[in-house]
Amino acid sequence: MNGAERTPVIAIVDDEEMVLTSLRSFLMLETDYEVLTFNSPKRALAELADKNLDLIVSDYLMPEMNGIELLLEIKKLHPFATRILLTGYADKENAIKAINEVGLYQYVEKPWDNDDLRITIQNGLERRFLMEKLENKIQEVQRVQQSLQDIQAQIIKAFM
Amino acid sequence: MPDSDPSRVSELEEETRRLRRAVEELSILNAIGSAIGSTMDLNEVVELIVQESVKNLNVEQAAVMLLQQDEAIDPFRTMARKAHTGNELVPFRFGQQLTGWMLKNRKPLLINDIQSDDRFQSVAVSDFPIRSLLSVPLRAKGQMVGLLNVFNKRGEEGFTREDQRLLSIIASQSSQIVENARLYEELQRRSKELEESEQKYRALMQEASEAILLAADSTKRIVEVNERAETLTGRPRERLIGRTLAQVLPIPELEEPETYDKIAESGNLRLTFSTDADGEHRRFDLSATRVSYGAHRLIQVICLDVTEREKLADHLRVHAQELEREVEAATKDLRTSQAKLVQQEKMAALGRLVAGVAHEMNTPIGTINSNADTLARSLSVLREMTAGENAPEQLKDNKRLAQVLSLLDDISRINKLACERIVSIVGSLRNFARLDQAELQMADLHEGLDSTLTLVYHELKNRIEVVKEYGDIPPVRCHPNQINQVFMNLLVNAAQAIPERGEIRIKTFREGDMVKVQIADSGVGIPPANLERIFDPGFTTKGVGVGTGLGLSICFKIAEDHKGGIDVESEVGKGSAFTLRLPIPKDVSAEGSNERG
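Residues numbered from 1 in each chain as written. Chains lettered and ligands numbered in written order. Predicted model: local features only at pLDDT ≥ 70, side-chain atom pairs only at ≥ 80, totals over all residues.

**Overview of the overall build of chain A**
Now for step 1: Along its length, chain A carries 5 helices and 5 strands.
Now for step 2: Start at the N end of chain A and walk to the C end: the helices and strands fall as β-α-β-α-β-α-β-α-β-α.
Now for step 3: Each of the 160 residues in chain A was classed as buried or not, and the buried ones make up 36%.
Now for step 4: Partitioning the contacts of chain A with sequence separation of at least 6, the portion at a separation of at least 24 is 65%. (Helix = DSSP H or I, 4+ residues; strand = E, 2+ residues; numbered from the N terminus. Buried ≥ 20, exposed ≤ 12 C-beta atoms within 10 Å, placed from the backbone. Contact = placed C-beta atoms within 7 Å.)

**Focus on the interface of chain B and chain A**
Now for step 1: Counting residues at the interface gives 20 residues for chain B and 16 residues for chain A.
Now for step 2: Sorting the residues of the side of chain B that touches chain A by element identifies helix H8 (307-387) and helix H10 (399-433) of chain B as the ones contributing at least two each.

**Structural notes on the sheet that holds strand S5 (residues 106-109) of chain A**
All names here are of chain A.
Now for step 1: Pairing is parallel in the open sheet, where 5 strands are placed in the order S2-S1-S3-S4-S5. Every other strand in the sheet has two partners, leaving strand S2 (34-38) and S5 as the edge strands with one partner each. Taking the axes of each pair of neighbouring strands and ignoring which way they run, one obtains an average angle of 20 degrees across the sheet.
Now for step 2: Sheet topology note: the strand S3 (residues 55-59)/strand S4 (residues 82-87) ladder contains 5 bridges and is parallel. Across the sheet, the residue bridging to Ser-58 is Leu-85, located in S4.
Now for step 3: Along the sheet, helix H2 (residues 41-48) contacts strand S1 (9-13) and S2; its crossing angle with S1, the most-contacted strand, is approximately 160 degrees.
Now for step 4: Lying on the sheet, helix H5 (residues 114-159) is in contact with S1, S3, S4 and S5; it crosses S4 at an angle near 160 degrees. (Pairing = 2+ DSSP bridges. Axes fitted to C-alpha atoms, helices over the stretch in contact; angles between N-to-C directions.)

**Details of the confidence of the model for chain B**
All names here are of chain B.
Now for step 1: Across chain B, the average pLDDT comes to 79, with 83% of residues at 70 or higher.
Now for step 2: Taking the mean pLDDT of every element in chain B, the minimum, 55, falls on strand S2 (residues 77-82) and the maximum, 94, on strand S15 (residues 514-521).
Now for step 3: Within the model, pLDDT remains below 50 along residues 82-93, and this stretch shows 19 contacts once partners closer than five positions in the same chain are excluded.
Now for step 4: Note on residues 591-597: pLDDT is under 50 here. Beyond four places in sequence and across chains, it has 12 contacts.
Now for step 5: Model confidence for the complex is summarised by a pTM of 0.41, with the ipTM given as 0.76. (pLDDT = per-residue confidence, 0-100.)

**Focus: unusual backbone geometry**
Now for step 1: The peptide bond linking A:Lys110 to A:Pro111 adopts the cis configuration, its omega dihedral lying at -5 degrees.
Now for step 2: Tracing the backbone through its elements, the reader meets A:Pro111 in the loop between S5 and H5.
Now for step 3: We note that B:Asn58 has phi near 55 degrees; this positive angle belongs to a residue other than glycine.
Now for step 4: Position of B:Asn58 among the secondary structure elements: in the loop between helix H2 (42-57) and strand S1 (59-66).

**Describing the pairing of strand S4 (residues 133-140) of chain B**
Residues and elements named next belong to chain B.
Now for step 1: Counted residue by residue, S4 has 6 buried out of 8 residues, so it is predominantly covered.
Now for step 2: Two elements, strand S3 (residues 109-111) and S4, share 3 bridges in a ladder whose sense is antiparallel. Note on S4: the bridge partner recorded for Leu-109 is Ser-135.
Now for step 3: Bridging between S4 and strand S5 (residues 143-153) involves 8 bridges; their strand directions are antiparallel. In the sheet register, Ser-135 faces S5, and the bridge partner there is Asn-149.

**Overview of helix H4 (residues 161-207) of chain B**
All names here are of chain B.
Now for step 1: The terminal C-alpha atoms of H4, which comprises 47 residues, lie 66 Å apart, in line with the 69 Å expected from a rise of 1.5 Å per residue.
Now for step 2: Of all bends in H4, the biggest is about 40 degrees, found at Ser-174.
Now for step 3: Burial in H4 covers these residues: Leu-166, Leu-167, Ile-170, Ala-171, Gln-173, Ser-174, Ser-175, Ile-177, Val-178, Glu-179, Ala-181 and Arg-182. (Expected span 1.5 Å × (residues − 1). Bend = angle between axes of the 7 residues up to and from the residue.)

**Section: the packing of H2(A) against helix H3 (residues 67-77) of chain A**
All names here are of chain A.
Now for step 1: In the contact formed by H2 and H3, the axes pass within 11 Å of each other and the chain directions differ by 0 degrees. One element, H2, and the other, H3, form an angle in the roughly parallel class. Between H2, through Pro-41, Ala-44, Leu-45 and Leu-48, and H3, the contact on the second element is made entirely by Leu-70, Glu-73, Ile-74 and Leu-77.
Now for step 2: When the residues that make up the contact of H2 with H3 are grouped by side-chain class, the tally is 7 nonpolar, no polar and 1 charged. (Parallel < 35°, antiparallel > 145°, perpendicular 65-115°, else oblique. Nonpolar A, V, L, I, M, F, W, Y, C, P; charged D, E, K, R; others polar.)

What follows is the structure, encoded as structure tokens:
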């Protein structure tokens, strides 16, 4: 489905419990993702700090901090995780202003369509794994280059 | 000798004196009497009396004082003659005490030494010093009409009883003459006054701006007219005098006896009539009054030319009507713009309310909508597990389970439909509040129409034929999503107006500096009573749950925001045509270019 060997981990943050339950139920039925839900952005930050994370969906308007602020913090912790904002209609303008600050992958409007959301998440994950693969490849190339350089150094040493 | 008898001599002498005096008296009377025939002029009569009195009584001066009718003491009309001033009569002012005494006592008065007479101590008469006087009343028909006075007897002896007798005779003879002359003079004065008053009246009548006709009350025949009456009737004076009023004035009422009865009863009659006897059409106010001049009873008809006044009044009336119309129009304009303002304010308030509600509904509706979808998906999973190929046999034939699953399916399907409808309504509300402030851009309306048509396809299905009559129209500057919203509403409404099968005709064309999009349906049409209200927010005839009643009011607002509008024509049973008007941008309409934004 996503080209990854491991189970994708996605987090959903919204101060409304009903939104969390809906999304979790749908995703659990339709996908095999590991879905983590948080009704507090602060708790989300605390618990996601030492966890693996592939994608995060966050509400915009929340009591402790807004979605953009949360996603900025998450970006620091998990730079490759795809960031999606789930906004109420009236918040759209504010949210759009902040999109550039945080490098948002997509914003989704409430009320959302389940299929649209699933496809957005799926694409977001694919992107995330492509990025990861790319990163891995780069690292591999770097490693190979390094070993080549090492070999070269040894050869030079051997022939000198 | 008897001839020399002294007593006889004295007797004879006495007789001679008596005869001589009688001759004198007779000659005085004769002179005065001849004056009656010679003149009726009061001044001349008085002159004569004064002359005769001065001459016969041997005095320095004589005066005739005529009493005014009301017996006022002052002014006496006094005429005197100073002996030394020739014939001239001069006004002679006289002490009031003397005249007062004379008026009171009405008998002769004889004073020879006025200085020592205590009755008249303060007698002082201008520049003429009076030493002695003799005064007798002038009587006519038993009434005192004046005094005859003589002053300052010449010689030493002063006034005698003889003088008084003589003056009384002169007075009694001249009284009637004086009175006659006075009456004659009075008559002349009166007749002169009368003549003047007649002249005044004539001038007044002739120069009056009203036409005046006088007719005898008995015969209704005209006895007098003025110049204006000649102009009014177009007849010269000779052809007016002697005719009846009805003959010369074009007023049918004047031929009826009741009209004159009315004048006699109320004393006045007013009416209005027109005539063109003068050559042009003129209107008159007539006032007929019954008047009496002495024994004559006359009908006085006064006609006032009111043509100009009525023209002015007509002019004023027209002007007033114009003003009234203007005020009415202005008031209507004001009402319209007020209604528009109120409407705009209502829409704005509604917009704020709706925005708030829509925002608050996002989360719960999003949740329910999502859950309904998830539930449907879960059910299909469950059905696959219980009824699919790999399902356990005991579950496959369980009727109760199948029943429950089918029930859950129904509920889930209905939930989903209900949610979709709520989502769509919230979407409408959101669009109504128009929280999206997308930029204005140049857009091709045909593209918008086509994409909207694909969206409403499920409403049209196979029952409605869509006929496109796209004209050559330039792009317009607009918010395309809003304009599409208008198309969507108009198309859905058109589809819903067609009960079975029908046609929707979409026509685009350019008219002046406007682009027009007409969406016409062959549906049921809108009754005239509803036609005015279709753009009111909340007005719907679709029944509860079908329409929000917001569609057309949103369309109207969007069109207005684009400086355009929506016109509607409809006929019950034939269909409705909604026409969206949008302005062509100045730069485009000027160049006629076809740029796209």
